[in-house]
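Fold and geometry: a report
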Amino acid sequence: MRLLIVDDEQFAVEGLLYCCNWNEAGIEEVVTANRADRAREIINEKKIDLLICDIEMPDEDGLSLVGWVKEHSPWTETIFLTCHSEFSYAKRAVNLGSFDYLLKPVDTDELLSAVSGMIAAVREKEEYESYNKMYHKYLNLWQQEKPKRVERFWQDLLSRSILSFGDFFERELAGAGVGLEPADLVLPILISIENWNKPLSPRDQEIMEYAVKKAAAEFFTEEYQGEAVTDKNGVLFILLYAKGREAGGRQAGKPGIQQLTAAGQHFIKACHDMFYSIVTCYVGSFKSLQELPGMCESLKTMERDNISRTQSVLIYIPQDQGPLSPESEGIELDDLIAYMLTGKRESAVQFIHNLTDKLQADPCFQGRHLDALHQDTLQIIYHFLQVRGINAGSIAKFTDWTTARIRGLLQYRHWAEGMVSAVMEAEFERQEKGGVIERSIRYIQHNVEEEISRDIVADYVGLNPAYLSRLFKKETGQSLIDFLISVKMNRTRELLDTTDLPVSAIAQQVGYSNFSHFTKMFRKQFDVNPQEYRKVTKRID
């Protein structure tokens, strides 16, 4: 910090210069001037953070000087000194944005207190300027258009809009330019933005989500090749590739749990400090490209069911799937349909893996057996859709999946896993649409006069708050918070119309302890404040 003292009386300058230890007060350099024109020269030569200025000077008064400073050095904080306590001086000082106005002779403790406040104000300005630069950096990046081919490939793969076997998949992979071979492995990390620590407009929130995505890519792909991808449902994933050492020097092999946990913890802290966001990371395991959509769905299930651990790095642990014995005889698919009807997707996938492993080792297994297995699996798929009342047209690429030709056990394995997962996920989405959202809406409507929040609603339906918010927005087109406010404001309007309760009492009744915030929300909803609304409706009556 650099301080400039301006006073035409030399003894006054020396008194301020030696009245205290400025270094201990946080001032690294103190410079002085006896005239306004000399002060201007210094400010043009050096960055001045703090200015202590006398008002009455013969060549030019301090008020005029500070007016010039505000134009040419707007970051400078100012304290005025004067021998007069006239109100006109104080008023002009306030109009110029002066930090304080002190009377001579100045008490040292009072001066140090004022300077301490100025230093805090300067640092707050610097912090805001730093944040503003960072914000506009990401704003500019966000506004730039760039090719989306790679991200579209991952979005299509994760939504099972790509046939993940045979020539179909190889052509899609080669055309996307991802830089992977069909046999490569990928580890997904789900990045869940749980909450924001400061209010953001929808546009600013979108920009900050973009900043979090870019930061996640920097933290997790600094040493390992990978990609940050937002799937078609708005879920952010980091996809790490199991590749060899790249030309750029990135590390070969697979990252371990310790490295991923450390990177995740640093990323979570950075999000809290820089982007005002509460973030949780869900780390999966390396899977083939065909198995990747299933792994990502398992991470989504982890996020949905996590209602207690936030700002953490959570490692995926497979469910107890009760795998079949590889020695079991025959090709029985009864367990497969049982797993599907009871919603055990991971168990159904494990069944398919165990079955194909067993058949691969059977020398008597022939092409006609594969055709029969394929047809039996299709029958199970159609039976499941019929029992659950699911329209096949609602499943992406359903016709392509069901008409695809299967030419080997490995293709069958990838085909069956994708087919079973797609229909089970369609059933799961249908249940959530009809159940969780309706329960959330009913809870909000029945408890409109309570002080409820997003977290309270999520706790009621037993879901992670971030997951519920995303699901609510997807199904209703409105954010959960906006819907909650809308219900409360409609109840407010009803009470204004039907009762004579004071507006402050109505605010308390609908769960608002902060009257100013309540009025702001009502105006946002109806373009008038509650008092104006009541006056208008009374006149109409």
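Just above sits the structure.
Residues numbered from 1 in each chain as written. Predicted model: local features only at pLDDT ≥ 70, side-chain atom pairs only at ≥ 80, totals over all residues. Heavy atoms only, no water.

With that out of the way, let us pick up the pairing of strand S9 (residues 277-283). Across the seven residues that make up S9, a large majority, seven, are buried. Note: strand S6 (residues 185-196) against S9, seven bridges, orientation antiparallel. Looking at the pairing, Ile 189 lines up with Val 283 of S9. (Buried < 20%, exposed > 50% of the residue type's maximum accessible area, 1.4 Å probe, protein only. Helix = DSSP H or I, 4+ residues; strand = E, 2+ residues; numbered from the N terminus. Pairing = 2+ DSSP bridges.)

Here the focus is the environment of Val 448. Along the polypeptide, Val 448 turns up in the loop between helix H16 (436-446) and helix H17 (454-461). Counting along the chain gives 36 residues from Val 448 to Leu 484, while the straight-line C-alpha distance between them is 8.0 Å. Every residue in contact with Val 448, bar those within four places of it in the chain, is listed here: Val 487, Lys 488, Arg 491 and Val 510. (Contact = heavy atoms within 4.5 Å.)

Attention now goes to unusual backbone geometry. Here Arg 160, not a glycine, exhibits a phi torsion of approximately 60°, which is positive. As for its position among the elements, Arg 160 is in the loop between helix H6 (149-158) and helix H7 (166-176). Phi at Asp 527 is positive, roughly 70°, even though this residue is not glycine. Mapped onto the elements, Asp 527 comes out in the loop between helix H21 (515-526) and helix H22 (530-540). For Asp 527, a relative accessible area of 63% gives the class exposed.

Using the criterion set out here, one finds 21 salt bridges in the structure. Among the salt bridges present, the one from Glu 425 reaches Arg 160, with a minimum N-O distance of 3.2 Å. On the criterion of sequence distance, the pair formed by Glu 425 in helix H15 (residues 409-434) and Arg 160 in the loop between H6 and H7 is long-range, its members being 265 residues apart. Both residues of the pair, Glu 425 and Arg 160, count as buried. Ionic pairing is found between Arg 491 and Glu 494, a salt bridge with its closest N-O pair at 2.9 Å. Taken together, the residues span about one helical turn, with Arg 491 and Glu 494 both in helix H19 (residues 480-498) at a distance of three residues. Its relative accessible area of 43% is what places Glu 494 among the partly exposed residues. Residues participating in the shared-partner salt-bridge network are Arg 2, Glu 29 and Lys 46. (Salt bridge = Lys/Arg side-chain N within 4 Å of Asp/Glu carboxyl O.)

For helix H18 (residues 465-476), which comprises 12 residues, the first-to-last C-alpha distance of 16 Å matches the rise-based estimate of 16 Å (1.5 Å per residue) to within 8%. The complete set of buried residues in H18 reads Pro 465, Ala 466, Tyr 467, Leu 468, Ser 469, Leu 471 and Phe 472. The backbone nitrogen of Ala 466 lies 2.9 Å from a side-chain oxygen of the residue at the head of H18, namely Asn 464. Gly 477 occupies a position one or two residues after H18 and carries a positive phi of about 80°. (Expected span 1.5 Å × (residues − 1). Polar contact = N/O pair within 3.5 Å; in protein donor to acceptor, adjacent residues only side chain to side chain.)

Further remarks concern the state of the cysteines. Scanning the entire structure with this criterion turns up zero disulfides. No disulfide involves Cys 20; its sulfur sits 3.8 Å from the nearest other cysteine sulfur, which is in Cys 19. Unpaired in terms of disulfides, Cys 271 finds its nearest cysteine sulfur in Cys 281, a separation of 7.5 Å. (Disulfide = S-S within 2.5 Å.)

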